[in-house]
Amino acid sequence: KHSVLKVRDLSLETKNIQSILDFNKTINCKSVARVHSGDTGDMYCFGLRKKHQKYSSTTQFSAEKKNESRKHCISMAGLFQKHYPEEVEMIRKSDRKQDIKIPFELGGDDGVSGYFIVSKNLRNASHFEDLDASWGLACFLKSNPGNAVDWFFILPNVVKDDDDTKAIEIKLFRGCSIAWDERCIRHCTGYQSCGHNNILHGNFVGGKYYK
């Protein structure tokens, strides 16, 4: 199956990048996503789990934390709307078709989706996202730029036209962003070392099927 993947450098979007990173650094709840999958690192889901049920990580938010989350989601929306407007509309359309109202703490009308994911130092197995309803958008950040060794976004089933023996690897960096159809492009992230006093953050938003 043919598909398209877009990669853009958002590192010069310093205001929004810093706002997203500030939120990433405040996350101290328990990581419950994919805890039994064998993946390493932490993954946090925020927002709606089902149409009328929020993830516990969101329901436990204080008023202050809800405002921090809202700022984070609006910063992500600003970044992605500028660089991936078609994909943002695709995600919003998916939510509208399911009568999903984006919660206040996810940006409300200024947000992108009814849920989002943040990861820390994630190494995971390659996979598809069977429950997603649209393309996904991701922005990768580091708490200490330059410290990570061999940090990659890997597409094991995607090869070059002139060499079908090697999978595509995208070297990640602070501000690297990716838009792709995770339903048909197998993907994963990995690294050799996250570096001293450093955390590798992934920020993902997309449309999904809400039960």
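Just so it is clear, the structure is predicted and the values come from calculations on it, not from any experiment.

Regarding the sheet that holds strand 1 (residues 5-9)
Part 1 of the reasoning: If you trace the seven strands from one edge of the open sheet to the other, you get 1-8-5-10-4-2-3, paired in antiparallel fashion. Single-partner strands in this sheet number two, and they are strand 1 and strand 3 (53-54).
Part 2 of the reasoning: Pairing of strand 5 (residues 132-142) with strand 10 (residues 200-208) involves eight bridges; the strand directions are antiparallel. Residue Lys142 lies in a different strand from strand 10, and its bridge partner there is Leu200.
Part 3 of the reasoning: Along the sheet face, helix 1 (residues 14-26) touches strand 4 (115-123), strand 5 and strand 10 and points at about 90 degrees away from the line of strand 5.
Part 4 of the reasoning: Those strands touched by helix 3 (residues 63-83) are strand 1, strand 4, strand 5 and strand 10, and its axis lies near 90 degrees from that of strand 4.

Here's the deal with helix 3
Part 1 of the reasoning: A rise of 1.5 Å per residue sets the reference length of helix 3, with its 21 residues, at 30 Å; its end C-alpha atoms lie 31 Å apart and thus fit the reference within 8%.
Part 2 of the reasoning: Turning to helix 3, its buried residues number three or more, namely Lys65, Ser69, His72, Cys73, Ser75, Met76, Ala77, Leu79 and Phe80.
Part 3 of the reasoning: Contacts made by the buried residues of helix 3 are with helix 1, helix 4 (85-97), strand 4, strand 5 and strand 10.

A few points about the confidence of the model for the protein chain
Part 1 of the reasoning: When the pLDDT values of the protein chain are averaged, the result is 90; 97% of them are 70 or greater.
Part 2 of the reasoning: Ranking the helices and strands of the protein chain by mean pLDDT puts strand 8 (residues 176-180) first, with 97, and helix 2 (residues 56-59) last, with 80.

Quick word on the packing of helix 3 against helix 4
Part 1 of the reasoning: In the contact formed by helix 3 and helix 4, the axes pass within 5 Å of each other and the chain directions differ by 120 degrees. Viewed along their axes, helix 3 and helix 4 adopt a mutual orientation that is oblique. Taking contact as the criterion, the partners of Ala77, Phe80, Gln81, Lys82 and His83 in helix 3 are, on helix 4, Pro85, Val88 and Arg92.
Part 2 of the reasoning: Classifying every residue of the contact of helix 3 with helix 4 gives four nonpolar, two polar and two charged.

Some points on unusual backbone geometry
Part 1 of the reasoning: The backbone phi angle of Asn121 is positive, close to 50 degrees, even though this residue is not glycine.
Part 2 of the reasoning: The backbone of Asp150 sits at a positive phi, close to 55 degrees, despite the residue not being glycine.
Part 3 of the reasoning: Positionally, Asp150 belongs in the loop between strand 5 and strand 6 (152-160).
Part 4 of the reasoning: Residue class for Asp150 comes out partly exposed when judged on its relative accessible area of 35%.

Details of the pairing of strand 2 (residues 40-50)
Part 1 of the reasoning: As paired elements, strand 2 and strand 4 share seven bridges and run antiparallel to each other. The residue of strand 4 that forms the bridge with Cys45 is Ile117.
Part 2 of the reasoning: Bridging between strand 2 and strand 3 involves two bridges; their strand directions are antiparallel. Within strand 3, the residue paired with Leu48 across the bridge is Lys54.
Part 3 of the reasoning: Connecting the antiparallel pair strand 2 and strand 3 is a turn made up of two residues.

A closer look at the environment of Ser113
Part 1 of the reasoning: By the element assignment, Ser113 lies in the loop between helix 4 and strand 4.
Part 2 of the reasoning: A sequence separation of 22 residues divides Ser113 from Ile91, and the C-alpha atoms of the two residues are 6.5 Å apart.
Part 3 of the reasoning: Setting aside residues no more than four positions away along its own chain, Ser113 makes contact with Ile91, Asp95, Ile102, Leu106, Val205, Gly206 and Tyr210.
Part 4 of the reasoning: Engagement of the side chain of Ser113 in a polar contact is seen with the backbone oxygen of Gly206, the distance being 2.9 Å.

Focus on the packing of helix 1 against helix 3
Part 1 of the reasoning: Between helix 1 and helix 3, the shortest axis-to-axis distance is 9 Å and the interhelical angle comes to 145 degrees. In this structure, the crossing between helix 1 and helix 3 has a hand that is left-handed. Every residue of helix 3 that contacts helix 1 at Asn16, Ile17, Ser19, Ile20, Phe23, Asn24 and Thr26 is listed here: Lys65, Glu68, Ser69, Lys71, His72, Ser75, Met76, Gly78 and Leu79.
Part 2 of the reasoning: For the contact of helix 1 with helix 3, the class distribution of residues is five nonpolar, eight polar and three charged.

Re the side chain of Lys65
Part 1 of the reasoning: Locating Lys65 in the fold gives a position in helix 3.
Part 2 of the reasoning: For Lys65, a relative accessible area of 13% translates into the label buried.
Part 3 of the reasoning: Reaching out from Lys65, the side chain makes a polar contact with the side chain of Thr26 at a distance of 2.5 Å.
Part 4 of the reasoning: With residues up to four places along the chain from it excluded, the contact list for Lys65 reads Phe23, Thr26 and Ile27.

About the cut-offs
- Residues numbered from 1 in each chain as written.
- Predicted model: local features only at pLDDT ≥ 70, side-chain atom pairs only at ≥ 80, totals over all residues.
- Heavy atoms only, no water.
- Pairing = 2+ DSSP bridges.
- Helix = DSSP H or I, 4+ residues; strand = E, 2+ residues; numbered from the N terminus.
- Contact = heavy atoms within 4.5 Å.
- Axes fitted to C-alpha atoms, helices over the stretch in contact; angles between N-to-C directions.
- Expected span 1.5 Å × (residues − 1).
- Buried < 20%, exposed > 50% of the residue type's maximum accessible area, 1.4 Å probe, protein only.
- pLDDT = per-residue confidence, 0-100.
- Parallel < 35°, antiparallel > 145°, perpendicular 65-115°, else oblique.
- Nonpolar A, V, L, I, M, F, W, Y, C, P; charged D, E, K, R; others polar.
- Polar contact = N/O pair within 3.5 Å; in protein donor to acceptor, adjacent residues only side chain to side chain.
- Left-handed = near helix turned anticlockwise from the far one by under 90°.

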